[in-house]
Amino acid sequence: MSKETFNEYIKPFLVLVCICLVVSFLLAFTNSKTAPVVAENQRVEAERTRQAVLPGSASFTELDVSGMEGVDSAFREDGGAGYVVTAGYKGYGGGIVTVTVGLDNDGRVVGISANVSSETKGIGSKAGQESYLSNYRDLVNAAAAEQVDTISNATYSSTAVRNGVSTILRNFESIKGAAAK
Amino acid sequence: MRDKMKILLNGMFKENPVLILALGCCSVLAVSVSVSGGFGMGVALTFVLVCSNVVISLLRNIIPSKVRIPCYIVVIATFVTLVEMLMEAYLKSLYDSLGVFLSLIVVNCIVLGRAEMFASKHGVVDSFFDGLGMGIGYTMVIVGMSVVRELFGSGTLLGCRVIPEGYQLGILTQAPGGFFLFGCAIAILVAAMAKRGKKFEPKMGCDGNCAACHSACEDRKEAEAK
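Counting from 1, residues in each chain are numbered in the order their sequence is written. Each chain gets a letter, beginning with A, and each ligand a number, beginning with 1, in the order they are written. The predicted nature of this model means local features are confined to residues of pLDDT at least 70 and side-chain atom pairs, given and counted, to a pLDDT of 80 or more, with totals for whole chains, interfaces and linings taken over all residues.

### Focus on the overall build of chain B
Labels follow the DSSP assignment, with helices taken as runs of H or I lasting at least four residues and strands as runs of E lasting at least two, numbered in each case from the N terminus. Looking only at helices and strands, chain B features 10 helices and two strands. Going residue by residue from the N terminus, the α and β elements of chain B occur as α-α-α-α-α-α-α-α-β-β-α-α. Counting over 226 residues, chain B shows a buried share of 37%. By definition, residue pairs are in contact when their C-beta atoms, positioned from the backbone, come within 7 Å. Across chain B, every contact between residues at least 6 apart in sequence was considered, and the portion connecting residues at least 24 apart equals 74%. Put plainly, a residue is buried at 20 or more neighbouring C-beta atoms within 10 Å of its own, exposed at 12 or fewer, and partly exposed in between, counting only other residues' C-beta atoms, which are placed from the backbone.

Printed below as a string of structure tokens:
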């Protein structure tokens, strides 16, 4: 093989492969260091959200939510203080608004938070503010949740919150059933 | 030392990547709604720019010109992924606020532009200063814009309320407000340069100013030779 052929066809290929190999090892190494930290952060974050919506709660056990339409996850408080359930609905422009609701043992909403980071800042994000979310506090049945007004000019975002809460309340009996198992 | 300083200042003013070369505008417009996010983005981009410039300058004699663009992209993507992983693990709130724009540094024209225009033709130290200067230039613009947008658009500064609720110019936090401010910033810089007697004429020919010339030199020389 002439030197020209090597420089023309083989060398570019070899150089690119070598660079890719080196960076792959570098990235794999970094990932092995950061992945556990990331997982731990996510766990702590989720735990903190759950504790915030259910006053007096400490640790949680996850429940099986298969068959409950619209419910993303459900947790039972280990001390029996109640349940924490999340549901996500489409907000404005396709982003998902995730609602986390704390329920006492009678299915009453005791705390609620909504992740509105995908909504328009200053407009749709109003649906995640305490002043709006407090409308859902103390509700027990899904029909009552559906009666809560949406926010004018943030209809999509606030409807997503409302759908989330009503879905969670509608499924409360099944969640309770899953916990009893 | 003086020529290093010149390279550094070049990125900050004379060839400011955002306002003069108009590169990387997408991330500037999108992220400059909050000062902390803008600053974080600036630091992340500066890190990637410096690292990729240094590595590409080191490899400039090894990389065959045929595969140079894939090689540059791999190197740039590596540093972006590194920043992403580290930021997700240790600076979660910043990671959340930058969102997709952090990964989009891979295709940021400033980084690839500097790799192609500068690092592949200059030594390691010069490339380091070029990356640093360009990064600082970018950070200055994005922080400057985000101060105005956060202060008048959301009424806060670094998250603390400065202007009471209800007295904001909401449009500044949206895309149109960003474009408007971007145009104003360019106008101010050009006016300032004109006042100091510097002619501002983006030339189509290269006349030694590689960053402002959008054609590849190899092609040009070949065409001239023919």
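### Description of the overall build of chain A
Within chain A one finds five helices and five strands. For 181 residues, the compact-globule estimate of 2.2 N^0.38 gives 16 Å, and chain A exceeds it by more than 25% at 24 Å. Along the first, second and third principal axes, the C-alpha atoms of chain A reach 80 × 40 × 25 Å. Counting across all 181 residues of chain A, residues that qualify as buried make up 35%. Considering only contacts in chain A between residues 6 or more positions apart, those separated by 24 or more positions represent 52%. It is over C-alpha atoms that the radius of gyration is taken, and the globule rule equals 2.2 Å times the number of residues to the power 0.38.

### Examining the confidence of the model for chain B
Residue and element names in this part refer to chain B. The predictor rates its confidence in each residue with pLDDT, a number between 0 and 100. Per-chain confidence: chain B averages 84 in pLDDT, with 87% of residues scoring 70 or above. For residues 203–207, every residue scores under 50 in pLDDT, and the model assigns this stretch two contacts once sequence neighbours within four places are set aside. With a pTM of 0.75, the predicted complex shows an ipTM of 0.71.

### A closer look at the nonpolar core
Residue and element names in this part refer to chain B. One nonpolar core equals one set of buried Ala, Val, Leu, Ile, Met, Phe, Trp, Tyr and Cys residues connected by C-beta atoms within 7 Å. Counting 47 residues, the largest nonpolar core has Val 48 and Ile 76 as the members making the most contacts within it. For this core, the secondary structure elements donating two or more residues are α2 (25–31), α3 (35–58), α4 (68–90), α5 (92–98), α7 (109–119) and α8 (124–154). In terms of residue count, the dominant contributor to this core is α3 (nine residues). With residues up to four places along the chain from it excluded, the contact list for Val 48 reads Ile 76, Phe 79, Val 80, Val 83, Ile 105 and Val 111.

### Structural notes on the environment of A:Arg108
Note on placement: A:Arg108 falls in the loop between β4 (96–103) and β5 (109–115). Judged by the 16 C-beta atoms lying within 10 Å of it, A:Arg108 falls in the partly exposed class.

### Observations concerning helix α1 (residues 3–53) of chain A
Each α-helix winds once per 3.6 residues, and so residues spaced three or four apart point in a common direction. Every helix has an expected span of 1.5 Å times one less than the residues it contains. Between its first and last C-alpha, α1(A) extends 71 Å over 51 residues, near the 75 Å set by a 1.5 Å rise per residue. When you tally the buried positions in α1(A), you get three out of 51 residues, a small fraction of the element. Residues of α1(A) that are buried include every one of A:Ile19, A:Arg50 and A:Val53, and no others. Buried positions along α1(A) lie against β1 (60–63), β2 (71–77), β3 (83–90), β4 and β5 of chain A together with α4 of chain B.

### Considerations on the sheet that holds β5(A)
Residues and elements named next belong to chain A. At least two bridges found by DSSP between two strands are what make those strands a pair. Overall, antiparallel pairing links the five strands, which are arranged β1-β2-β3-β4-β5 in an open sheet. Two strands close off the open sheet at either side, each with one partner strand: β1 and β5. Within the sheet, the average angular offset between the axes of one strand and its neighbour, ignoring direction, is 20°. In this description, a line fitted to the C-alpha atoms serves as the axis of each element, helices being fitted only across the stretch in contact, and the angle between N-to-C directions of two axes falls anywhere from 0 to 180 degrees.

### Examining the interface of chain B and chain A
Contact with chain B, which involves 20 residues of that partner, is made by 18 residues of chain A. Looking at the side of chain B that touches chain A, the elements that each hand over two or more residues are α4 and α5 of chain B. A per-class count over the side of chain B that touches chain A returns 12 nonpolar, four polar and four charged. Asp, Glu, Lys and Arg are counted as charged, while Ala, Val, Leu, Ile, Met, Phe, Trp, Tyr, Cys and Pro are counted as nonpolar; the rest, among them Gly, fall into the polar class.

### Brief notes about the packing of α1(A) against α4(B)
Geometry of a packed helix pair, given as the angle between the helix axes and the separation of the axes. Two numbers describe how α1(A) lies on α4(B): the axes approach to 8 Å, and their chain directions differ by 10°. Comparing the axis directions of α1(A) and α4(B) gives the class roughly parallel. Oblique is the label for every angle not falling under 35 degrees (roughly parallel), over 145 degrees (roughly antiparallel), or within 65 to 115 degrees (roughly perpendicular).

### Considering the environment of A:Val161
All names here are of chain A. Secondary-structure assignment places Val 161 in helix α4 (residues 155–170). Here Val 161 falls in the buried class, since 30 other C-beta atoms lie within 10 Å of it. Considered as a pair, Val 161 and Tyr 132 are 29 residues apart in the sequence and their alpha carbons are 9.8 Å apart.

### Observations concerning the environment of A:Glu146
Residue and element names in this part refer to chain A. When you line up the elements, Glu 146 lands in helix α3 (residues 142–146). For Glu 146 and Ser 117, which are 29 residues apart along the polypeptide, the C-alpha to C-alpha distance reads 23 Å. When near neighbours in sequence (up to four residues on either side) are disregarded, Glu 146 contacts Arg 162 and Ser 166.

### Remarks on the pairing of β5(A)
With five of seven residues buried, β5(A) lies mostly within the body of the structure. Hairpin geometry of β4(A) and β5(A) is characterised by an intervening segment of five residues between the two adjacent antiparallel strands and by a positive phi of about 80° at A:Gly107.

### A short note on unusual backbone geometry
Of note, the phi angle at A:Asn153 is positive, near 65°, even though the residue is not glycine. Position of A:Asn153 relative to the elements: it lies in the loop between α3 and α4. Here B:Ala22, not a glycine, exhibits a phi torsion of approximately 55°, which is positive. Here B:Ala22 shows up in the loop between α1 (2–14) and α2.

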